[in-house]
There are 2 protein chains.
Amino acid sequence: MDHIIIGGVAGGMSAATRLRRLDEDARITVIERSGHVSFANCGLPYHVGGVIEDRESLLLQTPASLGRRFGLDVRVGTEAVRIDRERRVVVVRELATGAVSELPYDQVLLSPGARPVRPPIPGIERALSLRDIEDTDALVTASAPARTAVIIGGGFIGLELAENLTRRGIAVTVVEAADQVMAPLDPEMVAPVQDHLRANGVALRLGASVTAIGPDSVTLSSGEQLEADLVVAAVGVRPDTRLAEDAGLETGRLGGILVDSRFRTSDPRILAVGDAVEKRDALDGEQVLVPLANTANRQGRMAADVMAGLSAHDRPVLGTAIVGIFGLRVATTGWNEKRLVAAGRPHRVVHTHPSSHATYYPGAEEMSLKLLVDRDTDAILGAQGVGREGVDKRIDVIATAIAGGITASALADLELAYAPQFGSAKDPVNLLGYVAGNLRTGVTRSLQWHELDDALAAGAVLVDVRTAEEHAAGAIPGALLVPVDELRQRLDEIPPGPVVVHCEVGQRGHTAAQVLTHAGREARNLDGGYRTWHAGTSARKLVPVG
Amino acid sequence: MDHIIIGGVAGGMSAATRLRRLDEDARITVIERSGHVSFANCGLPYHVGGVIEDRESLLLQTPASLGRRFGLDVRVGTEAVRIDRERRVVVVRELATGAVSELPYDQVLLSPGARPVRPPIPGIERALSLRDIEDTDALVTASAPARTAVIIGGGFIGLELAENLTRRGIAVTVVEAADQVMAPLDPEMVAPVQDHLRANGVALRLGASVTAIGPDSVTLSSGEQLEADLVVAAVGVRPDTRLAEDAGLETGRLGGILVDSRFRTSDPRILAVGDAVEKRDALDGEQVLVPLANTANRQGRMAADVMAGLSAHDRPVLGTAIVGIFGLRVATTGWNEKRLVAAGRPHRVVHTHPSSHATYYPGAEEMSLKLLVDRDTDAILGAQGVGREGVDKRIDVIATAIAGGITASALADLELAYAPQFGSAKDPVNLLGYVAGNLRTGVTRSLQWHELDDALAAGAVLVDVRTAEEHAAGAIPGALLVPVDELRQRLDEIPPGPVVVHCEVGQRGHTAAQVLTHAGREARNLDGGYRTWHAGTSARKLVPVG
Ligand SMILES: Cc1cc2nc3c(=O)[nH]c(=O)nc-3n(C[C@H](O)[C@H](O)[C@H](O)COP(=O)(O)OP(=O)(O)OC[C@H]3O[C@@H](n4cnc5c(N)ncnc54)[C@H](O)[C@@H]3O)c2cc1C
Ligand SMILES: Cc1cc2nc3c(=O)[nH]c(=O)nc-3n(C[C@H](O)[C@H](O)[C@H](O)COP(=O)(O)OP(=O)(O)OC[C@H]3O[C@@H](n4cnc5c(N)ncnc54)[C@H](O)[C@@H]3O)c2cc1C
Ligand SMILES: CC(C)(COP(=O)(O)OP(=O)(O)OC[C@H]1O[C@@H](n2cnc3c(N)ncnc32)[C@H](O)[C@@H]1OP(=O)(O)O)[C@@H](O)C(=O)NCCC(=O)NCCS
Ligand SMILES: CC(C)(COP(=O)(O)OP(=O)(O)OC[C@H]1O[C@@H](n2cnc3c(N)ncnc32)[C@H](O)[C@@H]1OP(=O)(O)O)[C@@H](O)C(=O)NCCC(=O)NCCS
């Protein structure tokens, strides 16, 4: 059997090595356009920043090492230029020599990845992008003399680069067309991330776009000129479907290659995986693009199983992701609220601000969690976490819970490893389950930060149940201060009508809401407390520039 | 309604606060024998070691604060001495005054916890135990002048104390009757933990027992005398069932109070939770004792739901647990191999030694994981992890997977948050799924460390596929060195007969086993490689003392 694998990094090389382990006799050829295979894309920004000093450590394997260990014929600097499906050959060109040759195949696997989007801005030629080792080398070289940089795009890669260029002493501005960075997060979750970026010296221009790139500056839609020795375009990636389209393979409406659950394209001899393909969403079964390494590697390995004739079926994707930003960990899984709202999917929202581990043990750090829950089924629809230690753990646990069909309320029952250095007897994940369960059973009613204005306009009374000190340090306009510990004695001070209570994070508010409800009042607890309200309103107050 | 809660810490106080939130009108009285409620038992060892400097931070609440916030009548220094079920009163005695009174009840919740076992050794009066604040104060006082300490028992609390007394400059010896510390771990997993304890100055006496405690020493079964300014008994805990038994409530064969899935004892007006009760095991439904805080808190909260008339049902327990030992994280969930073997339950075993995060990103640390899998259903039966960063995360993810009914092979498909600082594109949990899947489908066959001797005796050839350098640094006696990258060329050097291959951790061995299998050889991969074999055999070599 002749197997040709196009693209020799995450999906492609995972497929090649697995395929070899399943079939010692097959001829397996890997065609890679760039000068390297099997490199650590995800580490590239950190080499730019000098965190990963040794460039070689990004090159996990070489054609030679893969030949020795796996008997693979790996050809770098070689482009697959055409798939001739009639004659079952892949036409390849050696880039150095221009030599063209034909490789016959029984099966082809496409893992060509995605290409950085290059927005059509005058002067865009000067903007660098980051996808491979060559890009990295170019960025390292260009950033050495640079004092200022503009990064177009505030997504994962844009922000990783913002951190890493800052690390090199460069003054960085991130220009983002949306009114927030990190689109997978909801606004109230992203607000502290933006504050943190600014606190670390990164300037943000939100709701702004670059209209022109000059030789040492960029111009924004607002007219503002920004100095820019270096310009990076990081506005996302687009599936690389050139080969597939030329070969007449079907692509989807999102621009990715269409495959079935066994990774077969419209030609069953040609499979495709990774960033280049459209996936099925775990929540609604619709097509989605999820350009992430976990998925690319998994699909590559599974496609090898298919190619070797084993039974294997793809799973729909949740899109669990994380990024480190100047020490903050920002992680998500599943859908965010924006998407649920847009899809009209009835949902409940829970915000908490728990500690990474028991507060009585030194070093505990606060994190913010958000859980999205199906209003009808109690299914978990998504989660977001921002903080430091332990954020990745909680999002991974929730992603696993989603995969296992554990409902939001049942998070309360998870037995998670507890000692005071590592968690809490009631882990943050358990607490999310408590709160979700209280909403589901109607023990509590809550109000979201963005619903407060309407509630107050409709005549609700807002009661701050924190201490006088906390109130003095920052309060929601119009809130009446009645500390929770005095609430039972001071019930008659609260004017008639529906009541919204709030505390700092939602926990005391919950107890206060119970007291009020039992006293016959219509009470709701401001979800996530002052903390979430403050983050949400500060995000909303950002006036888009341009 | 009059609710009396006996025991005011994890289970009891979680019940009391929840019950108040559900029922503002109930009279809720909490009776606590010790001088404190709602304290952080799990932090006590760290106060002894000075990590948690401030004793007050262990006292999460006081009777006064609980009165203010939750309208609870909390009585410390008060013992419940008898439950008169006929007359529905709890008889309580104020310890300071000896005053006895009766409290009528509609419902009682017992959360009296467990008591440290005091082995019947001559001189045991001198041994301290650690359960509450009073014990902690005594231990702090006694350890101040001490230079040497003997801890009887190498379980979680014994080892936490070993670390914390060492921190105070005391020379610690742990005496453990079993041939290993940390019973929940299998021997090959515990070996590095024992090495680490020794490397940090803790002396271990395994398979040894204390026969007498003298005024400044202890005597072991071997006759050895150990200096001991301080002696601590940490040989486990026993459910505190005195009250329950006196009241004629049913207890089980493990010595815990028997309750149904709604925490009702044999008297439906009396509920019980926490360390004092027997639980149902998540894997076989049998009764078990799991004296852990997560479970006690969860049960307490749930029992309040039952008391308030809500629908609530207990879940069976996995017993997920973790302990930090001089920087090592040691975590477990579900059953270990010893227990599976004892129960005759057919299972498969997987050992891996992955990195906490991508190796190309600085600071990655190796961990050891062990997964236990049902041979028939592919269900996950248990897992163990030893390492540093990220061990708790992986065990929590696996515990969640078990709860969600995710099979071992399906761990391969979990989408876990990946960026190079936090994990790998193929997360350690995914890799466990890969290996388990390979065993399930028969792609690979493996051999366990303790099966090697028999396999070799039966004529198998052992091939070390590591590099010459690795082989020189430590090898399994009799192994033939053929590095994996030369294997295809040197197949005929391998003598006939079945082959066992091994590498350092199992990964290259897997590829080598595939090469051999395809070459028509009967090949098995030594699970976990040299690393697991070495740990296992070193654990086995420990000659029990006494
Ligand atoms: C800077 C950066 C940081 C990232 N960080 C993360 C992260 O932290 N976490 C995460 O989950 N994901 C991250 N990703 C995404 C992750 O790297 C990708 O999802 C993954 O590499 C996709 O795998 P793939 O095999 O589909 O494509 P790729 O890994 O991109 O491999 C495709 C290869 O195919 C080659 N190719 C394309 N067409 C041809 C052709 N016609 N002939 C020959 N060769 C061809 C390309 O040269 C390319 O090398 C990051 C990506 C980048 C660029
Ligand atoms: C040193 C130490 C470290 C620990 N570390 C961990 C850890 O890291 N992780 C973990 O999960 N678990 C840990 N635990 C276990 C955890 O603390 C217990 O599982 C949990 O506290 C059990 O809750 P409980 O309510 O059943 O009992 P407890 O919390 O022990 O509360 C029972 C209370 O009842 C009182 N009482 C008993 N009888 C009477 C009576 N007749 N009248 C009045 N009062 C009475 C007792 O004085 C006691 O205070 C640790 C325990 C200790 C002692
Ligand atoms: C590394 C790479 C070449 C794949 O190589 P690989 O040998 O298939 O994969 P890994 O090194 O992860 O090892 C996994 C294999 O070893 C096996 N394995 C791992 N640990 C094992 C152990 N302890 N015991 C037995 N088997 C083990 C796994 O089962 C798996 O084999 P399988 O697929 O046959 O089941 C490919 O993934 C790659 O190029 N990665 C770099 C690019 C990339 O991923 N970029 C994006 C992220 S930065
Ligand atoms: C702390 C203690 C008194 C219980 O108090 P509690 O108020 O019930 O519990 P917590 O402080 O954990 O808060 C949990 C409650 O707040 C709610 N909550 C937490 N965060 C919230 C948020 N952001 N928004 C809304 N509600 C929130 C939870 O839903 C839960 O309420 P519920 O039970 O009505 O659902 C008790 O657990 C205790 O004594 N613990 C110390 C002893 C101990 O656990 N020892 C062993 C381990 S060291």
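So, how was this worked out
- Residues numbered from 1 in each chain as written.
- Chains lettered and ligands numbered in written order.
- Predicted model: local features only at pLDDT ≥ 70, side-chain atom pairs only at ≥ 80, totals over all residues.
- Heavy atoms only, no water.
- Helix = DSSP H or I, 4+ residues; strand = E, 2+ residues; numbered from the N terminus.
- Rg over C-alpha atoms; globule rule 2.2 N^0.38 Å.
- Contact = heavy atoms within 4.5 Å.
- Areas by Shrake-Rupley, 256 points an atom, 1.4 Å probe, with all protein chains shown as cover.
- Lys, Arg positive; Asp, Glu negative; His and termini not counted.
- Charge placed at Lys NZ, Arg CZ, Asp CG, Glu CD.
- Buried < 20%, exposed > 50% of the residue type's maximum accessible area, 1.4 Å probe, protein only.
- Pairing = 2+ DSSP bridges.
- Buried area = accessible area lost by both parts, 1.4 Å probe.
- Salt bridge = Lys/Arg side-chain N within 4 Å of Asp/Glu carboxyl O.
- Polar contact = N/O pair within 3.5 Å; in protein donor to acceptor, adjacent residues only side chain to side chain.
- Nonpolar A, V, L, I, M, F, W, Y, C, P; charged D, E, K, R; others polar.
- 1 Å grid on protein atoms, 1.4 Å probe; cavity = no way out; pocket = protein on both sides within 12 Å on 5 of 7 lines; lining within 4 Å.
- Points joined across faces, edges and corners; volume = space filled by probe spheres on them.
- Axes fitted to C-alpha atoms, helices over the stretch in contact; angles between N-to-C directions.
- Near = heavy atom within 4 Å.
- Phe/Tyr/Trp six-rings, centres within 6.5 Å; stacked < 30°, edge-to-face > 60°.
- Lys NZ or Arg CZ within 6 Å of the ring centre and 35° of its normal.
- Domains from an automatic or database assignment.

Draft legend 1. Region of interest: the overall build of chain A. Scanning chain A for helices and strands turns up 15 helices and 29 strands. At 26 Å, chain A has a C-alpha radius of gyration in line with the 24 Å of a compact globule built from 546 residues. For chain A, the spread of C-alpha atoms along the principal axes amounts to about 90 × 55 × 45 Å. For chain A, restricting intrachain contacts to residue pairs at least 6 apart in sequence, the fraction spanning at least 24 positions comes to 63%. Accessible surface for chain A amounts to roughly 19,500 Å². Of this, 51% is attributable to carbon and sulfur atoms. In chain A, 56 side chains carry a positive charge and 69 a negative one; their mean positions are 2 Å apart.

Draft legend 2. Representation of the pairing of strand β21 (residues 328-334) of chain A within the structure. Residue and element names in this part refer to chain A. Summarising burial for β21: 6 of the 7 residues are buried, a large majority. The hairpin turn running from strand β20 (residues 321-325) into β21, its antiparallel successor, is 2 residues long, and F326 in that turn takes a positive phi close to 45°. Bridge count between β21 and strand β24 (residues 380-387): 6 bridges; the pairing is antiparallel. Counted as the bridge partner of A331 is G385 from β24.

Draft legend 3. Quick look at the interface of chain B and chain A. Each side of the interface is counted separately: chain B has 79 residues, and chain A has 79 residues. Between chain B and chain A, roughly 7,100 Å² of surface is buried when both sides are summed, and carbon and sulfur atoms account for 56% of that area. Taken as a group, R69, Y360 and E415 of chain B account for 12% of the area that chain B buries against chain A, more than any other trio of residues on that side. Between D413 of chain B and R315 of chain A there is a salt bridge; the shortest N-O distance is 3.2 Å. The tally of links from chain B across to chain A stands at 36 residue pairs in polar contact (both at pLDDT 80 or more). Looking at the side of chain B that touches chain A, the elements that each hand over two or more residues are α1 (10-22), α3 (63-70), α8 (293-307), β20 (321-325), α10 (391-403), α11 (428-441) and α14 (507-518) of chain B. Looking at the side of chain B that touches chain A residue by residue, the classes come out as 40 nonpolar, 19 polar and 20 charged.

Draft legend 4. Highlighting empty space enclosed by the protein. All names here are of chain A. If you walk through the whole model with that rule in mind, you get 1 cavity of 30 Å³ or more. For the largest cavity, the calculated volume is near 30 Å³. If you go around the largest cavity, the residues you meet are L110, P112, D240, T241, R242, L243, A244 and I257. In terms of residues, the lining of the largest cavity owes the most to one element, helix α7 (residues 242-246), which gives 3 residues.

Draft legend 5. Representation of the sheet that holds strand β2 (residues 27-31) of chain B. All names here are of chain B. Sheet architecture is open: 5 strands sit in the order β3-β2-β1-β7-β17, paired in parallel fashion. Whereas interior strands pair on both sides, the edge strands pair on one side only; in this sheet they are β3 (73-75) and β17 (270-272). Put simply, the sheet's adjacent strands are angled 15° from each other on average, direction ignored. Summarising the sheet, strand β1 (residues 2-6) and β2 pair through 5 bridges and their orientation is parallel.

Draft legend 6. Layout of the site of ligand 1. Close contacts around ligand 1 come from 33 residues, with G11, E32, S111, R131 and D275 of chain A the closest. Positioned at a junction of chains, ligand 1 has nearby residues supplied by chains A and B. Here P291 of chain A contributes a backbone N or O atom positioned 3.3 Å from an oxygen atom of ligand 1. Between ligand 1 and Y418 of chain B, the relevant distance is 2.8 Å, taken from a nitrogen atom to a main-chain nitrogen or oxygen of the residue. Here ligand 1, which alone exposes 990 Å², has 95% of that area covered by the protein.

Draft legend 7. Region of the structure containing the packing of aromatic side chains. In the structure shown here, the tally under the stated rule is 4 aromatic pairs over all chains. A centroid spacing of 5.2 Å and a plane angle of 85° characterise the contact between Y361 of chain A and Y46 of chain B, whose relative ring orientation is edge-to-face. Of this pair, Y361 of chain A sits in the loop between β22 (347-352) and β23 (368-374) while Y46 of chain B sits in helix α2 (residues 44-48), which puts the two residues in different chains. Both residues of the pair, Y361 of chain A and Y46 of chain B, count as buried. The ring centre of Y434 of chain B lies 3.7 Å from the NZ or CZ of R301 of chain A, which sits over that ring.

Draft legend 8. Summary view of the site of ligand 3. Around ligand 3, a shell composed of 32 residues is seen, among which T17, R21, S38 and R301 of chain A together with Q507 of chain B lie nearest. The environment of ligand 3 is shared, with nearby residues belonging to chains A and B. Between an oxygen atom of ligand 3 and a side-chain N or O atom of T17 of chain A, the distance comes to 2.5 Å. Between R301 of chain A and ligand 3, the recorded distance is 2.7 Å, taken from a side-chain N or O atom to an oxygen atom.

Draft legend 9. View of the domain arrangement of chain A. Residue and element names in this part refer to chain A. Parsing chain A into structural domains produces domain 1 (2-113 + 238-307), domain 2 (124-235), domain 3 (327-441) and domain 4 (446-538). When each unit is reduced to the centre of its C-alpha atoms, the spacing between domain 2 and domain 4 is 40 Å. In this assembly, 4 residues from domain 2 lie in contact with 5 residues from domain 4. Between domain 2 and domain 4 the total buried area reaches about 290 Å² when both faces are included, carbon and sulfur atoms providing 69% of it.

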